[in-house]
Each structure stands twice: as C-alpha cells, then as structure tokens.
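# Working through the structure, step by step
Residues per chain are reported as follows:
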Amino acid sequence: MIPAAVIQSDSLPDTSARAWVDVDLDAVVANGRHVARVAGRRLLPMVKANGYGLGAGRIVGVLESLDPWGYGVATLEEGAALRSAGIGRPVLVFTPLTGDWVAAALRYDLRPVLCDLQALGTWLAAAGGQPFHLGIDTGMARAGLAHDDVPALAACRALLAGATGYEGVCTHFHSADGDPAATARQWSRFEEAITALGPRPPMVHAANSAAALQGTPYAADLVRPGIFLYGGRAGDATPATVAALRARVIAVRAVPAGATVGYGATWRPERAVRLATLAIGYADGVLRSLSNRGSVELAGRLAPIRGSVTMDMTMVEAPESVRVGDIATVYGGLVSLDTQAAAAGTISYELLTSLGPRVHRRYGAAS
C-alpha cells in the first residue's frame, strides 16, 4: 500500500476531464414540476442510491424549490446523510425496518416503512408516538403486510388503535408502465387492506413515476416520482434530459481489415476502419453488455462500440475527423439514456446507478 503521505494532491494532474456526467439541475426541477402538475399532489421524491447515481445532495437541494412533502430513501445511512445536509423535511426509509435499526432511525428522526407485525410492535414499544408508515404487499412479493393476510391485518388493527404515530400507508405497483389491469387490481387490494386496518391515516401513497403520470386515479395523498426525475422514461411520458455521460478520446488508430479488437477478439473489421479509444469503461458505468451492441455520439455522429468494453476504456468506430481530446457522449445526446439501456439489455435505472466514483458529476444551472 502506498503511504498516504506520499500522495499529494498538487503532484497529480487534473483527471476530472477523463470521464464525467453533466447533470442538468434545471431539468430535474422541470421533471418534478411536471409530475406534480399531472398528478395534482405533493411530491415524495425518491432520492435513494445517491440520487440515482447523480448526487443526492445536489438533487435534493434543487427539489426543495418544489416544496415536496419529504424524501424517500432506501437506507438509514441515506437518511442520515440528508439530515447532515440540513434537510428537515420528513425522510421515509423504505427498506423494511429491523429491530436493531430502531435506535438509529429515532436518532436521525427518520420515518420507517414497517412491513410486518413484529416490526410494528417493536417500533411502537420503542418509539412512542414517533411517525411511521405501514407497507402493504399487493403483488410485488418483496416486502410488506400481505393484502390478504386477514389475521395479520386484524392484529395490526389492534395495535394501531392506540398508535398516535400512524402517519401513512403505502404499496408499490409492479407494472404501472404497461399493465393497466394489474395496476387497477393492486389498487383495489390496497384500498381493501387500508379499510381492514381501521381509520385511514393522513398519508396514503402508491404512485411511482409511471402511475403518477397517469393523473389522479392513483395519486392518493402523495406521489413518489423516481426515474422520471432523473431523465428516464416512465410509461408514455418523455422527461427532459438530465444526465449526459461523456468521455475523452485518448487514442485514435487505423485498424486493417481482419484485425482483432479487444479482449477475446470479439470483433474483426471487414474493411479498414478508424478506431477511437474512450477513457471510460465498465468501472465507470459503461456496462460490459454494450460490447459490440451500443453506440456513442462522437463528432456529431453515431459511433458503434467495437470489441469488448473493458474496465477503463472502450473502443468505438470513429469518423475520420476525430482526434485525441475530442469528447464522446455515451448517453444524453444522440443516444438517449433509455436507448442505451435497451442496447445494454437493461433499464435506465441501472445505467445511472452504475456510474462509478471516478466519474465526476458536473452540475449546471438551478443555482
């Protein structure tokens, strides 16, 4: 291991221009405002996974202008980070609470989503009247009280009868972007479970981005936009572009017909081509599944990825005009976030949350 004293910041070149993502904060606000306008409800923006890879602190900072009810996170650490950043609004933790997490949740004033009878009992015994939400499983089979578990719902109702902290109840749609019948069925199950639990709490919420953008049918009291805020499509709605992932060209070479390209020699040109090497790879968020499948924007044109994406570098077939130092846009330009995700065989969420720590986040506007 290199001693820390040997590494001095002023002895290293500025490598921030190797690979970076430009984050349009105005677009984040515009997307949030659009969801609020269509749904007609206050927002509970999801800012988990470091704001879907784009920097939760900066994302929350601009979303404050929309006066959200609060913020949704996945972990106690994410919630504590928001508190450390000075956020005073409600912070709802969606990962089911376990008994050993109760003290930390109370310390940082985080509201848990309680997903089983034991968790509810533990919270009520330890937290007094501190706010909490109940999670109902209506078809995800991931977490929450089963909507049709009559004994468990009855037992919860008995505990809730004297629980002053019962602030909200929620569920999660599994196919709001493509299966209206399934979504309607989940909503009906949710409503029945809420009734079985007794008096309706102040906050009922279920709508993710796709459901919220359908208007009022599933808006309830709050809507929980996620991917749409960050520039990913949700159902038929197209958001403003938020993230543009870019990398420098660090090498250009002429490659003859039949030459081998990349690990495993997975691509050989049928004619002489010009290849550009980009200073970005799968450690930075360019998924390896894009090998010989994806394209980037380079010199105003589409440049197909050739050979295997490597950990630190990616090769593309380049126009003749390309030179070392030119900038390629992996997504957020001619190639959209969702188009690149489809080429990788995945979803936009994974591309954003795969952005590595070496990728500098550069923020524009909304300051």
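Residues numbered from 1 in each chain as written. Predicted model: local features only at pLDDT ≥ 70, side-chain atom pairs only at ≥ 80, totals over all residues. Heavy atoms only, no water.

This brings us to the pattern of salt bridges. Counting across every chain of the model gives twelve salt bridges. Ionic pairing is found between D67 and R89, a salt bridge with its closest N-O pair at 2.9 Å. Of this pair, D67 sits in the loop between α3 (56-63) and β3 (71-73) while R89 is found in the loop between α4 (76-84) and β4 (91-93), placing the two residues 22 residues apart along the sequence. On the basis of relative accessible area, D67 is assigned to the partly exposed category, the value being 41%. Note that E191 is salt-bridged to R200, the shortest N-O span being 3.1 Å. By relative accessible area, which is 46% here, R200 ends up partly exposed. Linked through salt bridges whose partners overlap, the residues forming this network are R18, D284, D312 and R358. (Salt bridge = Lys/Arg side-chain N within 4 Å of Asp/Glu carboxyl O. Helix = DSSP H or I, 4+ residues; strand = E, 2+ residues; numbered from the N terminus. Buried < 20%, exposed > 50% of the residue type's maximum accessible area, 1.4 Å probe, protein only.)

What follows is about the packing of aromatic side chains. Counted under the stated rule, the structure contains six aromatic pairs. Taken together, a centroid distance of 4.3 Å and an interplanar angle of 10° make the contact between Y52 and Y230 stacked. Of this pair, Y52 sits in helix α2 (residues 48-52) while Y230 sits in the loop between β10 (222-223) and β11 (243-255); the two residues are 178 residues apart in sequence, bridging distant segments of the chain. Given the relative accessible area of 6%, Y52 is considered buried. (Phe/Tyr/Trp six-rings, centres within 6.5 Å; stacked < 30°, edge-to-face > 60°.)

If you add up the space inside the largest pocket, you get close to 900 Å³. In terms of lining, the largest pocket is formed by 41 residues, of which the most central are K48, R142, H172, F173 and N208. Among the elements of the structure, α2, β6 (132-137), α9 (209-212), α10 (337-344) and α11 (348-353) are those that each provide at least two residues to the lining of the largest pocket. Residue composition of the lining of the largest pocket, grouped by class: 21 nonpolar, 13 polar and seven charged. (1 Å grid on protein atoms, 1.4 Å probe; cavity = no way out; pocket = protein on both sides within 12 Å on 5 of 7 lines; lining within 4 Å. Points joined across faces, edges and corners; volume = space filled by probe spheres on them. Nonpolar A, V, L, I, M, F, W, Y, C, P; charged D, E, K, R; others polar.)

As for its position among the elements, S348 is in helix α11. With residues up to four places along the chain from it excluded, the contact list for S348 reads I227, G232, L337, D338 and A341. (Contact = heavy atoms within 4.5 Å.)

Counting 111 residues, the largest nonpolar core has L54, F132 and L134 as its most contacted members. Broken down by element, this core gets its largest block of residues, six residues, from helix α1 (residues 25-39). Each residue touching F132, except ones within four places of it in the same chain, is listed here: P112, L114, L120, W123, L124, L160, A163, G165, Y166, E167 and G168. (Core = buried A, V, L, I, M, F, W, Y, C linked by side-chain atoms within 4.5 Å.)

What follows covers the packing of α1 against α3. Contact pair α1 / α3: the axes reach a minimum separation of 9 Å and the direction vectors enclose 55°. Of the possible angle classes, the one that applies to α1 and α3 is oblique. Considering only the axes of α1 and α3, their crossing is right-handed. Of α3, the residues touching α1 (which contributes L25, V28 and V29) are R58, I59, V62 and L63. (Axes fitted to C-alpha atoms, helices over the stretch in contact; angles between N-to-C directions. Parallel < 35°, antiparallel > 145°, perpendicular 65-115°, else oblique. Left-handed = near helix turned anticlockwise from the far one by under 90°.)

Moving on, we come to empty space enclosed by the protein. Within the structure shown, the criterion is met by one cavity of 30 Å³ or more. Looking at the largest cavity, its volume works out to about 30 Å³. A105, L106, D109, L110, R111, W123, Q130 and P131 are the residues that line the largest cavity. Across the lining of the largest cavity, the residue classes tally to five nonpolar, one polar and two charged.

What follows deals with the packing of helix α6 (residues 117-127) against helix α7 (residues 150-160). As a packed pair, α6 and α7 sit with axes 10 Å apart at the nearest point and diverge in direction by 10°. Of the possible angle classes, the one that applies to α6 and α7 is roughly parallel. Residues L117, L120, G121 and L124 of α6 pack against A152, A155, C156, L159 and L160 of α7. Partitioned by chemical class, the residues of the contact of α6 with α7 number eight nonpolar, one polar and no charged.

Let us now look at the side chain of E78. Structurally, the position occupied by E78 is in helix α4. No salt bridge is formed by the buried E78; the nearest opposite charge belongs to K48, separated by 7.9 Å. Residues in contact with E78, not counting those within four places in the same chain, are K48, A49, N50 and V73. (Lys, Arg positive; Asp, Glu negative; His and termini not counted.)

Right, let's talk about the state of the cysteines for a bit. A full pass over the atoms with the stated rule returns zero disulfides. Unpaired in this structure, C170 has its nearest cysteine sulfur neighbour in C115, at a distance of 7.0 Å. Judged by relative accessible area, C170 falls into the buried class, the value being 4%. (Disulfide = S-S within 2.5 Å.)

Successive side chains on a regular strand alternate, one facing one side of the sheet and the next facing the other. Burial analysis of strand β12 (residues 273-278) places six of its six residues in the buried class, which makes it a mostly covered element. Neither face of β12 is exposed, since V273, L275 and T277 on one face and R274, A276 and L278 on the opposite face are all buried. Alignment of β11 against β12, held across six bridges, turns out to be antiparallel. Paired with V249 across the two strands is L278, which belongs to β12. (Pairing = 2+ DSSP bridges.)

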